[in-house]
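Residue-level listing of the chains:
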Amino acid sequence: MSLSLKLRKAAAVFLTSAALLTAVAAVPQESAAGSLWSGTTITAEAASVGKVSGLTSKTLSNSEIKLSWKKVSGASGYSVCMRKNGKYPQIADVKGTTYTVKNLPNATRENFKVRAYKLVKGKKVYGAYSDNRNTATNPQQVTQLKTSSVTSSSVKLTWKKIGCTNYRVYQLKSGTWKEIATVTTNAHTVKNLGANSSYQFKVRACKRDDKKTNYNHYGKYSSVVKVTTKKATTPVASHGQLSVKGANIVDKNGKVFKIKGMSTHGIMWEDYSDILSKDSLKVLRDDWKCNTIRIAMYTQEWGGYTTGSSYASQAKQKVKTGVENAKSLGMYVIIDWHILSDGDPRTHQDEAVKFFTEMSKTYKDYDNVMYEICNEPNGGITWTGGIKSYCQKVVSAIRKYDKDAVIICGTGTWSQDINQVLGNKLSDKNCVYALHFYANTHTDWLRNRLKDCYNKGLPVLVSEFGTCDASGNGGYNSTQTKKWLELLDSLNVGYINWSASDKGETASAFVSGTNLKAIPSGTSKLTTSGKLIRDWYRNH
Ligand code: IDC
């Protein structure tokens, strides 16, 4: 038997399968007698070397990874390999059982294998590769952490992008740094902060090894950024007394101001006036982003203001609660003389003059109060045929006391005939004219009328609208509602939705049985209509 054949046999018996190929390949073709390859199985075993086990790593920095592994008996050295294009080329040849890989990019994941070798007649006989070790370098330190878009409750943090896709944001809370967010961009908006308060934040980048569920490599923390949130403000604190300028309502600084609000249902029914509680108005202000609440006080319907003195005094009490609560929250409030079945506003003109005299006397110094003096004239009455003369009387009664409040005047055909006012406005400069729509009933033709009147300089307010049929029930129409709201936004014409109630009808914003005294933030108690309105108000 030739020497090489003998050796091959021995190798087949004793070498592990992975080591076989390399060991055989390393066998010298010719050997002198008495050498290692002397033909016994024992000498063949001595030529093999075991597989490296226990390969671990420690990330030292953003460029260095230290590898360690278990000693393999009989090994002369180790070949350290790093994956590249699917292969494992050697990156180092070491004698010990550690090796530090240097000059790696930051936040990079690499795969390593180590194999032992034995020098046999000056040639290397390799053992099997260790299992793969996957790990990463640390990310770089985050720099240029800055704050912007500071409000009374939020702040935007931005920082310089580094070659890493994950960042953690930390906030100092009672002396301890707490992680508050993990994000994949170089920006994060911290929300729900307190007004006029100081905060500190820092950020670091993070990286995880393959198959790890948690980050295990971090860059250094950025420097700390300090910020003070703005003082809390309310619609009335920011915008003050409203007035009319051209075709728009403007604030105390003469800037266009868009009224965005909810109307109560009839305050003498059930108790739909519960929504006027401070708690619920606060939710409408903060969660819905409403700046206005309209108090609908029916005049002639069952229980209405003109139907009995006890109803009248009850209604006045509810109006007072609503006005005071709105004032304390810095919200605008509309006192709405809600004519409907009365048709012609002159039906109860004397009561209206008396009522608004009293209201204007009481609220003359309130910056947040507006008066809506006849919800929806109807039954064929026109602007020149009676509405205008009614408005003149009520407006002059109000002006005896309240010189500057915005007054909303209803128009014919359930407040659709704003065109009748063109060229025939009241002389009072702080009056606006009501346009009401119900999205599934009143469409393009009424929108065109609005555009036309607005372009001719008529100040209009949509002091009531619904997302459905004019009946208030059925025909929910989100497409037409959005068309309307888009148009109104483009003109900065304000709008108030009917209704912030839980009556079982399509127009209601809350589901039946909602406690109107304490409506929750969010959408859990909202109808389809309520969801659309809240969403629109929050975003426009
Ligand atoms: C409706 C209410 C309904 C109530 C009715 C009373 O949604 O529950 O029974 O009044 O007659 C208006 C009016 C407003 C209407 C509303 C819907 O201003 O009072 O409320 N609407 O019909 N104009 C057009 C539609």
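Structure's up top.
Below, the structure is looked at part by part.

What counts as what
- Position numbers for residues count from 1 along each chain, tracking the sequence in the order it is written.
- For this predicted model, a pLDDT threshold of at least 70 governs which residues receive local features, and a threshold of 80 or more governs which side-chain atom pairs are given and counted, while totals over whole chains, interfaces and linings are taken from all residues.
- Processing note: side-chain calculations cover all non-hydrogen atoms of the structure and skip hydrogens and water entirely.
- Each residue is tested against the molecule or strand, and it is near if at least one of its non-hydrogen atoms lies within 4 Å.
- Whenever a nitrogen or oxygen atom comes within 3.5 Å of another N or O atom, the pair is scored as a polar contact, on the condition that within protein one atom can donate a hydrogen and the other can accept it, and that pairs from neighbouring residues in sequence are kept only if both atoms are in side chains.
- Here the accessible surface of atoms and residues is derived via Shrake-Rupley with a 1.4 Å probe, and residues count as covered only by protein chains that are part of the display.
- Gly is put with the polar residues, along with every residue not named as nonpolar or charged; the nonpolar set is Ala, Val, Leu, Ile, Met, Phe, Trp, Tyr, Cys and Pro, and the charged set is Asp, Glu, Lys and Arg.
- Under the scheme used here, helices are H or I runs from DSSP no shorter than 4 residues and strands are E runs no shorter than 2 residues, and both carry numbers assigned from the N terminus.
- In this scheme, a helix's expected span is set at 1.5 Å multiplied by one less than its residue total.
- A simple rule labels every residue: compare its accessible area, found with a 1.4 Å probe on the protein chains alone, to the largest value its type can have, and call it buried under 20%, exposed over 50%, or partly exposed in between.
- For this analysis, residues touch if any pair of their heavy atoms sits within 4.5 Å.
- In this text, buried Ala, Val, Leu, Ile, Met, Phe, Trp, Tyr and Cys residues form a nonpolar core when linked through side-chain atoms within 4.5 Å.
- Pairing between strands is defined by DSSP: at least two bridges between them are needed.
- Helix axes are fitted only over the stretch in contact, all axes being lines through C-alpha atoms; the angle between N-to-C directions runs from 0 to 180 degrees.
- To pair, rings of Phe, Tyr and Trp, with the six-membered ring standing in for Trp, must have centres within 6.5 Å; the planes then decide the type, stacked if under 30 degrees apart, edge-to-face if over 60, and tilted in the middle.
- For classification, angles of less than 35 degrees are called roughly parallel, those exceeding 145 degrees roughly antiparallel, those between 65 and 115 degrees roughly perpendicular, and all remaining angles oblique.

The next subject is the site of the ligand. Close contacts around the ligand come from 14 residues, with Y298, H338, E376, K503 and E505 the closest. Within the side chain of N375, a nitrogen or oxygen atom sits 3.1 Å from an oxygen atom of the ligand. The side chain of Y438 places a nitrogen or oxygen atom 3.3 Å from a nitrogen atom of the ligand. Burial of the ligand by the protein amounts to 81% of the accessible area it has alone, namely 500 Å². Partitioned by chemical class, the residues of the shell around the ligand number five nonpolar, five polar and four charged.

A word on helix 11 (residues 478-491). For helix 11, spanning 14 residues, the distance from its first C-alpha to its last is 20 Å, which sits close to the expected 20 Å at 1.5 Å a residue. Taken together, the buried positions of helix 11 are occupied by Q480, T481, W484, L485, L487, L488, D489 and L491. Buried positions along helix 11 lie against strand 18 (248-250), strand 24 (431-438), helix 10 (444-455), strand 25 (460-466), strand 26 (495-498) and helix 12 (528-539). Between the side-chain oxygen of the N-cap and the backbone nitrogen of T479 there are 3.2 Å, and the N-cap of helix 11 in question is N477. Count one or two residues on from helix 11 and you reach N492, which has phi positive near 60°.

Moving on: the side chain of K318. Mapping K318 onto the fold places it in helix 6 (residues 309-328). Here K318 falls in the buried class, since its relative accessible area comes to 14%. Looking at K318, its side chain comes within polar contact range of the main-chain oxygen of I267, at 2.9 Å. Beyond its immediate chain neighbours, meaning those up to four positions away, K318 contacts I267, M268, D271, S273 and L276.

With that settled, the discussion passes to the nonpolar core. Counting 88 residues, the largest nonpolar core has M262, L284, W288, Y371 and I373 as its most contacted members. The element best represented in this core is helix 8 (residues 383-399), accounting for seven residues. Apart from the residues lying within four places of it in its own chain, the contact partners of W288 are M262, V283, A509, F510, L526, G530, I533, R534, Y537 and R538. Listed in part, the 20 residues of the second largest apolar core include L145, C164, V183 and V190.

What the three strands build is an open sheet, ordered 9-10-13; its pairing is antiparallel. Where the open sheet ends on each side, the last strands, each with one partner, are strand 9 (146-148) and strand 13 (187-190). Adjacent strand axes in the sheet meet at a mean angle of 30° when their direction is disregarded. By the bridge criterion, three bridges tie strand 9 to strand 10 (residues 155-158) in an arrangement that is antiparallel. Along strand 10, the bridge assignment pairs S148 with K156.

If you check helix 12, its first and last C-alpha atoms are 17 Å apart, about what 12 residues at 1.5 Å a residue would give, namely 16 Å. Within helix 12, burial applies to S529, G530, L532, I533, R534, W536 and Y537. Residues of helix 12 that are buried in the fold lie against strand 19 (260-263), strand 25, helix 11 and strand 26.

Tracing the backbone through its elements, the reader meets V183 in strand 12 (residues 176-183). Taking relative accessible area as the criterion, V183 reaches 13% and is therefore assigned buried. Sequence-distant contacts of V183, that is, excluding residues within four places in its chain, are made with W159, T165, N166, Y167 and H188.

Centre distance and the angle of the planes are the two values used to describe a pair of aromatic rings. Counted by the stated rule, this structure contains 22 aromatic pairs. Ring geometry for W383 against Y433: centres 5.6 Å apart, planes inclined by 85°, an arrangement best described as edge-to-face. Of this pair, W383 sits in helix 8 while Y433 sits in strand 24, placing them 50 residues apart in sequence. A residue is classified by how much of its surface remains accessible, and W383, at 1% relative accessible area, is buried. Between the aromatic rings of F465 and Y495, the centroid separation amounts to 6.0 Å while the plane-to-plane angle is 85°, which identifies the pairing as edge-to-face. With a gap of 30 residues between them, F465 in strand 25 and Y495 in strand 26 connect regions that are remote in the sequence.

Strand order in the closed barrel made by the eight strands is 19-20-21-22-23-24-25-26, with parallel pairing throughout. With strand direction ignored, the average angle separating the axes of adjacent strands in the sheet is 25°. In this structure, strand 21 (residues 332-338) lies alongside strand 22 (residues 369-372), joined through four bridges in parallel fashion. Along strand 22, the bridge assignment pairs V333 with V369. Helix-sheet contacts for helix 8 involve strand 21, strand 22, strand 23 (407-409) and strand 24, and the interaxial angle to strand 23 is about 165°. Contacting strand 19, strand 25 and strand 26, helix 12 runs over the sheet at an angle of about 160° to strand 26.

What follows is about the pairing of strand 1 (residues 56-59). Here strand 1 shows one buried face, formed by S57 and T59, and one open face, formed by T56 and K58. Bridge count for strand 1 against strand 2 (residues 65-68) is four bridges, and the pairing is antiparallel. Among the inter-strand pairings, T59 is bridged to a residue of strand 2, identified as I65. Between strand 1 and strand 2, which pair antiparallel in sequence order, lie five residues.

A word on the packing of helix 10 against helix 11. Taken N-terminus to C-terminus, the directions of helix 10 and helix 11 make an angle of 5°; their axes are 11 Å apart at the nearest point. Viewed along their axes, helix 10 and helix 11 adopt a mutual orientation that is roughly parallel. On helix 11, the residues touching L446, R447, L450, K451 and Y454 of helix 10 are Q480, K483, W484, L487, L488 and L491. Within the contact of helix 10 with helix 11, the residues separate by chemical class into seven nonpolar, one polar and three charged.

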